[in-house]
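Remarks on the overall topology
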Amino acid sequence: QHQWFSAETDLQVVVEDEVFHVHSLVLMLVSPVFKNMLCSNLVESQEGKITLQEKDKEEFRVFLTAILPASTFELTAANVKFLVRWTDEYQVEG
């Protein structure tokens, strides 16, 4: 019998030499760019893996923390500049 719901992660995001195990739904809900990658016939949707070229893994870690539901993340002078780039590139609103 097929299990429809799972608390397990279902997507790997590779940034530099690190693999982040994430919930694809979180990325799709906040970003139409990620949604397009994962809901189309692009290789990312077939493999369950996205490789972000020329991105910084620490910046992705902060970005991911910021978009998680119920996050207590705080913007700081140190992270606001790169987060603006990420949210602009991936069309994250809010």
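Before reading on, note that the structure itself is shown above.
Quick notes on the rules
Residues numbered from 1 in each chain as written. Predicted model: local features only at pLDDT ≥ 70, side-chain atom pairs only at ≥ 80, totals over all residues. Heavy atoms only, no water. Helix = DSSP H or I, 4+ residues; strand = E, 2+ residues; numbered from the N terminus. Buried < 20%, exposed > 50% of the residue type's maximum accessible area, 1.4 Å probe, protein only. Contact = heavy atoms within 4.5 Å. Areas by Shrake-Rupley, 256 points an atom, 1.4 Å probe, with all protein chains shown as cover. Lys, Arg positive; Asp, Glu negative; His and termini not counted. Charge placed at Lys NZ, Arg CZ, Asp CG, Glu CD. Phe/Tyr/Trp six-rings, centres within 6.5 Å; stacked < 30°, edge-to-face > 60°.

**A short note on the overall build of the protein**
Along the backbone of the protein there are five helices and three strands. Of the regular secondary structure in the protein, the N- to C-terminal order runs β-β-α-α-α-β-α-α. Burial status across the protein gives 30% buried among its 94 residues. Summarising the internal contacts of the protein: among those between residues at least 6 apart in sequence, 54% fall at separations of at least 24. In the form shown here, the protein has an accessible surface area of approximately 6700 Å², with 52% of it arising from carbon and sulfur atoms. Separation of charge centres in the protein, based on 7 positive and 15 negative side chains, amounts to 3 Å.

**A look at the packing of aromatic side chains**
What describes a pair of aromatic rings is the distance from one ring centre to the other and the angle between the planes of the rings. Under the definition given, this model contains seven aromatic pairs. For the ring pair Phe60 and Trp86, a centre distance of 5.8 Å and an interplane angle of 45° mean the geometry is tilted. With Phe60 in helix H4 (residues 57–67) and Trp86 in helix H5 (residues 80–89), the pair connects residues that are 26 residues apart, well separated along the chain. Trp86 matches Phe60 in its accessibility class, with the two residues each being buried.

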